[in-house]
Amino acid sequence: MCNLPEDKCTGCGTCVASCPFKAISMKEDNEGFLYPYIDTSKCKKCGLCEKRCPVLKVKKYRKNDFSIYAAYTKNKSILLNSSSGGIFYELASNVISLGGIVYGVTYDKIKGAYHIPVDKIENLKNIMGSKYLQANASLVFPKIKEELTQGKTILFSGSPCQVAGLKEYLVKDYENLITIDFICTGIPSSKVFKEYIRYWENKYNDTFKTIDYRNKQDSWYNYKLKIEFEHKTRYENR
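Residues numbered from 1 in each chain as written. Predicted model: local features only at pLDDT ≥ 70, side-chain atom pairs only at ≥ 80, totals over all residues. Heavy atoms only, no water.

J.: Explain the overall build of the chain here, please?
T.: A tally of regular secondary structure across the chain gives seven helices and nine strands. By the compact-globule yardstick of 18 Å for 238 residues, the chain fits well, its C-alpha radius of gyration being 19 Å. In the chain, buried positions account for 41% of the 238 residues. Put simply, of all contacts in the chain between residues at least 6 apart along the chain, 52% involve residues at least 24 apart. Accessible surface, the chain as shown: approximately 15,000 Å² in total, 51% of it carbon and sulfur. If the 37 positive side-chain charges of the chain are averaged to one point and the 26 negative ones to another, these points end up 2 Å apart. (Helix = DSSP H or I, 4+ residues; strand = E, 2+ residues; numbered from the N terminus. Rg over C-alpha atoms; globule rule 2.2 N^0.38 Å. Buried < 20%, exposed > 50% of the residue type's maximum accessible area, 1.4 Å probe, protein only. Contact = heavy atoms within 4.5 Å. Areas by Shrake-Rupley, 256 points an atom, 1.4 Å probe, with all protein chains shown as cover. Lys, Arg positive; Asp, Glu negative; His and termini not counted. Charge placed at Lys NZ, Arg CZ, Asp CG, Glu CD.)

This is the structure we're talking about:
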């Protein structure tokens, strides 16, 4: 049974994917954050959840372990439809063109934010752009391990916590695994987001459709929040 305090848990879901007895599940707490909950009737106290937890196994890296580059896509259409410089699209499309699979986060009103696999370049639009919400990555970890074992090239995009969790779950390094994360300053509450959307739906008497957190209609440096409803579009200043 994991002894990690809740205020230290990142909600990466590694313990859920690692538990051989399916005794752990991710549930949303009262504040709208995902945390692992243990079914004590199923738990055998094997300790595997603690062994795989990236928070309990923080790795230290030396400064010279890294090489640093800066880049952006030359495709203007991709650049304007990306949250930053469009590098995710360039890497992802290359992996797919080589027969690989890309895992990234999509969003819908019913399921919220969650990871999906993409193996066609035309479907990359479904996982492009930042989603400032917590996604349950544990659902795809087992499938990624299966595909890596089969020799498929996998690109996984997620928060630093999720990337660290995936690598702990896999136990060993895979040359056919590429991971992408980002500089993260914390994940906001999904509950607050749902209340925000509900507020605008009630105000407009309209149904939420899609959201773009960094719309560049006005300019690259003054991007806005764009929310599309079934019959109306609303822009909010950054």
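On we go from here.
J.: Can you walk me through the sheet that holds strand E4 (residues 112-118) in this structure?
T.: Where strands meet in a sheet, backbone hydrogen bonds hold them as pairs that are either parallel or antiparallel. Ordered by their spatial adjacency, four strands build an open sheet running E4-E3-E5-E6, and the pairing between neighbours is mixed. The outermost strands of the open sheet, each flanked by one partner alone, are E4 and strand E6 (177-180). In this sheet, adjacent strand axes meet at a mean angle of 25° when their direction is disregarded. Where strand E3 (residues 101-108) lies against strand E5 (residues 154-157), three bridges are found, and the strand directions are parallel. By the bridge assignment, Ile-101 is partnered in E5 with Ile-154. Packed onto the sheet, helix H5 (residues 141-149) meets E3, E5 and E6 and runs at close to 155° relative to E5. Contacts from helix H6 (residues 160-170) reach E4, E5 and E6, with the element oriented near 155° to E6. (Pairing = 2+ DSSP bridges. Axes fitted to C-alpha atoms, helices over the stretch in contact; angles between N-to-C directions.)

J.: Is there a simple way to explain helix H7 (residues 190-204) in this structure?
T.: Turn by turn, an α-helix covers 3.6 residues, leaving residues three or four places apart pointing in a common direction. In this model H7 runs 21 Å from its N-terminal to its C-terminal C-alpha over 15 residues, within 8% of the 21 Å that 1.5 Å per residue would give. Looking only at H7, the buried set comprises Ser-190, Phe-193, Ile-197, Trp-200 and Glu-201. Along the axis of H7, the buried positions cluster into a sector of 105°, meaning they face one direction only. Exposed side chains of H7 directed beyond 90 degrees from the buried face belong to Val-192, Asn-202 and Lys-203. (Expected span 1.5 Å × (residues − 1). Arc of directions from axis to C-beta.)

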